[in-house]
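# Overview (structure and organization)
Chain residues, written in single-letter form:
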Amino acid sequence: GCDVAVLDEDGGVTQLVLLVKDRRGYLNLTNLISRAYTERTTHTQPSVAKQWLQEYSAGLIALSGARESDIGRTILAGDERLALQQLQRWMQFFPQRFYLELQRTGRSGEEEYINGAVRIALQADCPVVATNDVRFLEQPDFDAHEVRVCINERRTLDDPRRSHHYSDQQYLRSSDEMQALFADIPEALQNSVEIARRCNLEMELGKPCLPNYPIPDGISAAAYFSNLSREGLDRRLTESFDTRADDFNARVKPYFERLDRELGIINQMGFGGYFLIVMEFIQWARNNDIPVGPGRGSGAGSIVAWSLRITDLDPLRYDLLFERFLNPERISMPDFDVDFCMEGRDRVIQHVADLYG
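Note that the structure is predicted; figures quoted are calculated from it, not measured.

This brings us to the packing of aromatic side chains. Scanning the model with the defined rule gives 14 aromatic pairs in all. Aromatic pair Tyr274 and Phe336: ring centres 5.9 Å apart, planes at 5°, arrangement stacked. Of this pair, Tyr274 sits in helix α11 (residues 272–287) while Phe336 sits in the loop between α12 (303–307) and α13 (345–356), placing them 62 residues apart in sequence. Neither Tyr274 nor Phe336 differs from the other in exposure class; each is buried. The aromatic ring of Trp52 is capped on one face by Arg35, whose charged end is 4.2 Å from the ring centroid.

So this is what it looks like as structure tokens:
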């Protein structure tokens, strides 16, 4: 989940908590956060435009933001009719997935807000949920938190102009403490459990997730990669050796034996697509007059990389080991060190983004 600032059409900002319900919600939340950072027009807090939520609200559960929301400010201003309209609008954005937050952290206006929020929640048939707006782990951490707030605001602790937005009650309360705090509104506690049950995201971590290199129809990715590598090695050997020499076949035999061994390991580990992707953007850079280095690091030990012109070093000539780059006994992503001219590097990165997303 994520705390987000939502910017409405009139320039007003409201706080919202977005919780991931499922995989679609996870993807929608990552899109919202990315757009907040990449499309913001000011240097202030990154914010989500309210209209984006029409496209990206699926799979997300929203908590209202309590006092800091547009609903909360309207309730504290004494206009519950308008607050009810705002609540109903948010419930349209998140049908059956919007909760009014209730907080008791010792800050001014909280009980007034809770009374008004419960009234409009009953009218709109909107569930309420108890939260604590946690800012630090334990209660004694409050003083250190205030120091951090002052550092952020470039003020000192004794500055009368500094903000006092937080209280020492915003620590991670235990279940017993929350039950005692909201004993008069038990459904607000029950709904916190209900929200947890509704959030069921399974993420597979530690597995490489590469874009798909475009493979021609009718051939597998492994076969295409292997064929391309063998054709590339043929060209490299033709350039490096005299094909008319009597010992040509004997001299190139170790190269093809090494190639077959490397291809077996790369295809077994499922990294052929990675080699093809790197091959493509290096070739694109050369085609667009962007200087590329000859290769360095452990990747220079791969004859497949040499065959695909990812590197320009013959690993057999310099007795370089492939296992330093990729080893089936140590499963990890291969990592080519590629040097591009600093004046063209951004164009290469943009090309990769345009091609693969």
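Having seen the structure, we can now continue with the description.
Turning next to the pairing of strand β2 (residues 13–20). Relative to β2, strand β1 (residues 2–7) runs antiparallel, the two sharing 6 bridges. When the bridges of β2 are listed, Val6 appears paired with Thr14. The hairpin turn running from β1 into β2, its antiparallel successor, is 5 residues long, and Gly11 in that turn takes a positive phi close to 90°. Here β2 runs beside strand β4 (residues 60–63); their pairing, made up of 4 bridges, is antiparallel.

So, about the nonpolar core. Judged by nonpolar contacts, the single largest core of 41 residues is most densely connected at Leu16, Phe94 and Leu100. Setting aside anything within four residues of it in sequence, one finds Leu100 in contact with Ser64, Ile71, Leu87, Tyr113, Ala117, Ile120, Ala121, Cys126, Pro127, Val128 and Val129.

What follows is about unusual backbone geometry. With the exception of glycine, the majority of residues adopt a negative phi angle, and the majority of peptide bonds are in the trans configuration. With a phi close to 45°, Asp133 is a non-glycine residue in the positive phi region. Structurally, Asp133 can be placed in the loop between β6 (128–130) and α6 (142–153). Positive phi outside glycine occurs at Arg309, with the angle close to 65°. Structurally, Arg309 can be placed in the loop between α12 and α13. Given the relative accessible area of 24%, Arg309 is considered partly exposed.

Let us look at the packing of helix α9 (residues 221–240) against α11. Contact pair α9 / α11: the axes reach a minimum separation of 9 Å and the direction vectors enclose 50°. Compared by their axis directions, α9 and α11 come out oblique. Considering how the two elements wind past one another, α9 and α11 form a crossing that is left-handed. Only Gly272, Phe275, Leu276 and Met279 of α11 make contact with α9, whose side of the interface consists of Tyr224, Phe225 and Leu228.

So, on to the pairing of strand β5 (residues 98–102). Summarising burial for β5: 5 of the 5 residues are buried, a large majority. Residue alternation in β5 divides its side chains into two sets, Phe98, Leu100 and Leu102 and Tyr99 and Glu101, and both sets are buried. Relative to β5, β4 runs parallel, the two sharing 2 bridges. The partner of Leu63 across the bridge, within β5, is Tyr99. Bridging between β5 and β6 involves 3 bridges; their strand directions are parallel. Bridge assignment links Leu102 to a residue of β6, and that residue is Ala130.

By the secondary structure assignment, Thr105 is in the loop between β5 and α5 (110–124). On the basis of relative accessibility, which here comes to 0%, the residue Thr105 falls in the buried class. In this structure the side chain of Thr105 is engaged in a polar contact, spanning 2.4 Å, whose partner is the side chain of Glu110. Ignoring sequence-local partners within four residues, the contact set of Thr105 consists of Glu110, Asn132, Ser167, Gln169 and Gln170.

The rules we used
Positions within a chain are numbered from 1, following the residues in the order the chain's sequence is written. Where local features are concerned, this predicted model is filtered to residues with pLDDT of at least 70; where side-chain atom pairs are given and counted, the filter is 80 or more; whole-chain, interface and lining totals use all residues. Excluding hydrogens and water, the side-chain figures rest on all heavy atoms present in the structure. Centre distance within 6.5 Å is the pairing criterion for rings of Phe, Tyr and Trp, where only the six-membered ring of Trp is used; planes under 30 degrees apart are then read as stacked, over 60 as edge-to-face, and the remainder as tilted. Each helix is a run of H or I in the DSSP string that is no shorter than four residues. Each strand is a run of E no shorter than two, and both are numbered from the N terminus. To sort residues, take the accessible area from a 1.4 Å probe on protein chains only and compare it with the maximum for the residue type: under 20% means buried, over 50% means exposed, and anything in between is partly exposed. Note on criteria: charge over ring means Lys NZ or Arg CZ within 6 Å of the ring centre, with the direction from the centre no more than 35 degrees off the ring normal. When DSSP finds two or more bridges between two strands, those strands count as paired. Only buried residues count toward a nonpolar core, which is a set of Ala, Val, Leu, Ile, Met, Phe, Trp, Tyr and Cys residues joined through side-chain atoms within 4.5 Å. Contacts: residue pairs with any heavy atoms within 4.5 Å of one another. Interaxial angle, 0 to 180 degrees, is taken between N-to-C directions of lines fitted to C-alpha atoms, where a helix line uses only the stretch in contact. When describing relative orientation, an angle under 35 degrees is termed roughly parallel and one over 145 degrees roughly antiparallel, while 65 to 115 degrees is termed roughly perpendicular and anything else oblique. Should the near helix be turned counterclockwise from the far one by less than a right angle, the crossing is left-handed, whereas a clockwise turn marks it as right-handed. The definition of a polar contact used here is a pair of N or O atoms within 3.5 Å, where within protein one atom must be able to donate a hydrogen and the other to accept one, and adjacent residues in sequence count solely through side-chain atom pairs.

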